[in-house]
Amino acid sequence: MQIFHNLKVPMRDGICLATDVYLPDDMADPLAVVIERTPYDKSKPSRSEKQLDGRHLSREEMAAAFTQRGFIAVFQDCRGRYASEGVFVKYTHEAEDGFDTLSWLVKQPWCNGRVGSMGLSYAAHTQLAMACLNPPGLTTMVLDSGGFANAYQCGIRQGGAFELKQATWAYKQAKESPAAKADPLVFEALQQEDIRAWFARMPWRPGNSPLRHSPEYEDYLFSQWSHGTFDDYWQQLGLYAEGYYDVIPDIPVMFMSSWYDAYVSSTLANYGAFTKGRKAPQRLIMGPWLHGDRNITFSGNAEFGPLAAFDEQVEKTWLECRLNWFERHLSQPGTEPHETHQVQVFMMGGGSGARNAEGRIEHGGSWISANAWPLRDTVDQSLFLTHSAGLSPSRPTQDSQYLSYYADPAKPVPTVGGSLTSGAPVFVGGAFNQIECSDFFGSQGNDMPLKQRADVLSFETEPLSEDVVVAGPVSIELWVESDCPDTDFTAKLVDVYPASTDYPEGYAMNITDGIFRCRYRDSWSEPELLTPGKPFKITIEPFATCNVFKAGHCIRLDIASSNFPRFDVNPNSGEPEGSAALKRVACNTLHLSAKMPSRLILRIRKA
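## Considerations on the overall build of the protein
Summing up its helical and strand segments, the protein has ten helices and 27 strands in all. A compact globule built from 607 residues would reach a C-alpha radius of gyration of about 25 Å, and the protein, at 24 Å, matches this within 12%. Along the first, second and third principal axes, the C-alpha atoms of the protein reach 80 × 55 × 45 Å. Within the protein, the proportion of its 607 residues that are buried is 62%. Summarising the internal contacts of the protein: among those between residues at least 6 apart in sequence, 75% fall at separations of at least 24. Carbon and sulfur atoms make up 50% of the accessible area of the protein, which totals about 22,700 Å².

Laid out in structure tokens, this is it:
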């Protein structure tokens, strides 16, 4: 294998990006290229290359596998990261830089003009960003747990709220920035910051944050945080593939994500767009894992069993899966017209519910194969929220039914798992028993159920008489009001286990959740403050899921007004986002009447 390290690939503005190229030894003719563009150091192993047997493949091992199969492997550091020149601004240079890189690649004598791309997380964002410009040579992609369909609704913001994983990510990556590597004082200043203490005293201000030692990281973070309205900022290349779907070439794409990943809705939106009115075959894989952890069979405190691993279940290995994909769609001149879309999703649940030797609940699960998502054999079912804390298929008939609670932004409801990533060392994702355990930031640490908090309204079915498979989108329509000019509502779908020997008080496992900032009730682009006491309807859209609620379990929905530190806390004051100084306690009301019914809408798989 011939290796060329840190080739300087010029961009349109004169900045050069460091690029490693791996060529087969016995190369006689030009070959197809597989590229990964990453901000995480192209010389280090990618976290996506952890195999079921525990091996963590190096870049050289990856490159060797590709060159042995007749490809050229290329790895590139993103702008402003590691060996590349320039200033790093998260997400917004990747379209042009990717286009310019592919323009350079197809001109090289060793490239046959066909390029495939791959990568996890940010390295998936870089792919979809460049695809929005239809770069020369792009023939196929493997988007692993990333690729923004609309970063305003998944990845940076959600339902109007800001995802605080952006803050923890920025702090961690600032310590790896060229400025921190060049100046030990900058690195040490960042290292000395107590990020958990900073989270406890939000809101931050520019110049008064743990990122103040690294201005380029602080600047882009506050730009994301303060841009609450869906405007031109959110329609930039790199953040908004939805606006460029008609430009992206009709090529085969493999989409991968997982139910406890931070990019579920983005992955499914992209898959839906790429299978509508296009000819190229698409593949979708959705596991039960945390972000990129495809060979770890548990998520949070839930064990899904040996079937949950990617290796030896979906395909022999993740590496072999990609090699086969590129051989089929990159090496060969075209795609057979009879090929259909391929969908493999992991249906969580069905396990014993016992506590295993590692202390995790055995939730179980199995793979479903299909050729469409949502699955064709599913129908919508509504469950109405009742004044007696129930979930009922019957629409309410009484008037003036409502429940109210006080939401104090100084005492937010703590995040206990969920579909999130990059939160360390402040918060973690996954499935957990919904109690205020001391392991979770902001928790009272009393092990009391979250639903017992005075600022949480909980609604639950009777124990199910038969298994119910929820497979697809989830939405919650709420009629609400507040006595403040703005507030949030959150919704969490929970699988409630009955009492057992291992869990005498039962086990309430979070399945999916979402949030809605009420100033955006009529428009994402034209927010309007609330009229105190005036009811209105909102729709909360958690990530889709696939879970079997076993007979004897209950389906539960928890309603609150915060989920911190997953999302920033609404101060309820109506002040501009990311800079509010005044916190107000809101009295929030949920209507449950015949004229203003609130309901949970689930996609149910037919028996």
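Continuing now.
## A look at the nonpolar core
Counting 142 residues, the largest nonpolar core has F199, W204, W259, W373, L478, I559 and L600 as its most contacted members. Broken down by element, the residue count for this core peaks at eight residues, all from strand β20 (residues 468–482). If sequence neighbours within four positions are ignored, L600 has contacts with Q381, S382, L383, L385, L391, V474, S475, I476, L493, I555 and L557. Counting 26 residues, the second largest nonpolar core, distinct from the first, contains F66, M254, L323 and W325.

## Description of the packing of helix α4 (residues 165–174) against helix α8 (residues 215–226)
Their axes nearest at 10 Å, the elements α4 and α8 cross at an angle of 170°. Looking at the two axes, α4 sits roughly antiparallel to α8. Residues Q166, A167, W169, A170, Q173 and A174 of α4 form the contact with α8, whose own contacting residues are Y217, Y220, L221 and Q224. For the contact of α4 with α8, the residue count by class is seven nonpolar, three polar and no charged.

## A closer look at α8
Over its twelve residues, α8 runs 16 Å from end to end, which matches the ideal 16 Å to within 8%, given 1.5 Å per residue. Among all positions of α8, only Y217, E218, Y220, L221, F222, Q224 and W225 are buried. Buried positions along α8 lie against β7 (157–158), β8 (161–162) and α4.

## Thoughts on the pairing of β20
Consecutive side chains of a regular strand alternate in pointing toward one face of the sheet and then the other. The buried count for β20 comes to 13 of 15 residues, which makes it a mostly enclosed element. In this sheet, strand β24 (residues 545–549) lies alongside β20 in antiparallel orientation, the contact comprising five bridges. When the bridges of β24 are listed, G472 appears paired with T545. By the bridge criterion, five bridges tie β20 to strand β27 (residues 599–605) in an arrangement that is antiparallel. Looking at the pairing, V470 lines up with I604 of β27. Sheet analysis places β20 next to strand β23 (residues 536–540), joined by five bridges and oriented antiparallel. Looking at β23, one finds that W479 is bridged to K537. Examined bridge by bridge, β20 and strand β26 (residues 586–591) share four bridges and lie antiparallel to one another. Bridge pairing in β26 places W479 opposite H591.

## What to know about the sheet that holds strand β12 (residues 302–303)
In spatial order, the strands read β11-β12-β14; together these three strands make up an open sheet with mixed pairing. For this open sheet the edge positions go to β11 (298–299) and β14 (361–362), each flanked by a neighbour on one side alone. Note: β11 against β12, two bridges, orientation antiparallel. If you follow F298 over to β12, its bridge partner there is E303.

## With respect to the pattern of salt bridges
Under the defined criterion, the tally for this structure stands at 32 salt bridges. The shortest N-O distance in the salt bridge between K537 and E477 comes to 4.0 Å. In this pair, K537 is assigned in strand β23 and E477 in strand β20, connecting sequence segments 60 residues apart. Accessibility expressed as a relative area gives 17% for E477, which makes it buried. D488 is the salt-bridge partner of R517, the closest N and O atoms lying 2.9 Å from each other. Taken together, the positions of R517 in strand β22 (residues 507–517) and D488 in strand β21 (residues 488–497) put the pair 29 residues apart, joining distant regions of the chain. We note that R517, like D488, is buried.

## A short note on the sheet that holds strand β25 (residues 554–560)
An order of β19-β25-β21-β22 is seen for the four strands of this open sheet, with the pairing classed as antiparallel. What marks the edges here is a single partner per strand, and that holds for β19 (457–460) and β22. On average, each strand axis in the sheet is tilted by 20° relative to the strand beside it, whichever way the strands run. Across seven bridges, β21 lies against β25 in antiparallel orientation. By the bridge assignment for β25, K492 is matched with D558.

## Re the packing of aromatic side chains
The tally for this structure, following the rule as stated, stands at 42 aromatic pairs. Both rings, one in W259 and one in W373, keep their centres 5.7 Å apart while their planes meet at 40°; by these two values the pair is tilted. Placement of W259 in strand β9 (residues 253–260) and of W373 in the loop between β15 (365–370) and β16 (378–385) is noted, with a sequence separation of 114 residues between them. A single burial state applies to W259 and to W373, both of which are buried. Centroid distance W289 to W367: 6.1 Å. Interplanar angle 55°. Geometry classified as tilted. Remark: W367 occurs in strand β15 and W289 occurs in strand β10 (residues 282–290); sequence separation between them is 78 residues. Grouping aromatic residues by their ring pairs yields a cluster made of Y40, F88, Y91, Y122, F148, W169, Y217, Y220 and Y263. Taking NZ or CZ as reference, K90 lies 3.6 Å from the ring centre of W169, over its face. Sitting over the ring of F543, R566 keeps its end group 5.9 Å from the ring centre.

Rules used in this analysis
- Residues numbered from 1 in each chain as written.
- Predicted model: local features only at pLDDT ≥ 70, side-chain atom pairs only at ≥ 80, totals over all residues.
- Heavy atoms only, no water.
- Helix = DSSP H or I, 4+ residues; strand = E, 2+ residues; numbered from the N terminus.
- Rg over C-alpha atoms; globule rule 2.2 N^0.38 Å.
- Buried < 20%, exposed > 50% of the residue type's maximum accessible area, 1.4 Å probe, protein only.
- Contact = heavy atoms within 4.5 Å.
- Areas by Shrake-Rupley, 256 points an atom, 1.4 Å probe, with all protein chains shown as cover.
- Core = buried A, V, L, I, M, F, W, Y, C linked by side-chain atoms within 4.5 Å.
- Axes fitted to C-alpha atoms, helices over the stretch in contact; angles between N-to-C directions.
- Parallel < 35°, antiparallel > 145°, perpendicular 65-115°, else oblique.
- Nonpolar A, V, L, I, M, F, W, Y, C, P; charged D, E, K, R; others polar.
- Expected span 1.5 Å × (residues − 1).
- Pairing = 2+ DSSP bridges.
- Salt bridge = Lys/Arg side-chain N within 4 Å of Asp/Glu carboxyl O.
- Phe/Tyr/Trp six-rings, centres within 6.5 Å; stacked < 30°, edge-to-face > 60°.
- Lys NZ or Arg CZ within 6 Å of the ring centre and 35° of its normal.

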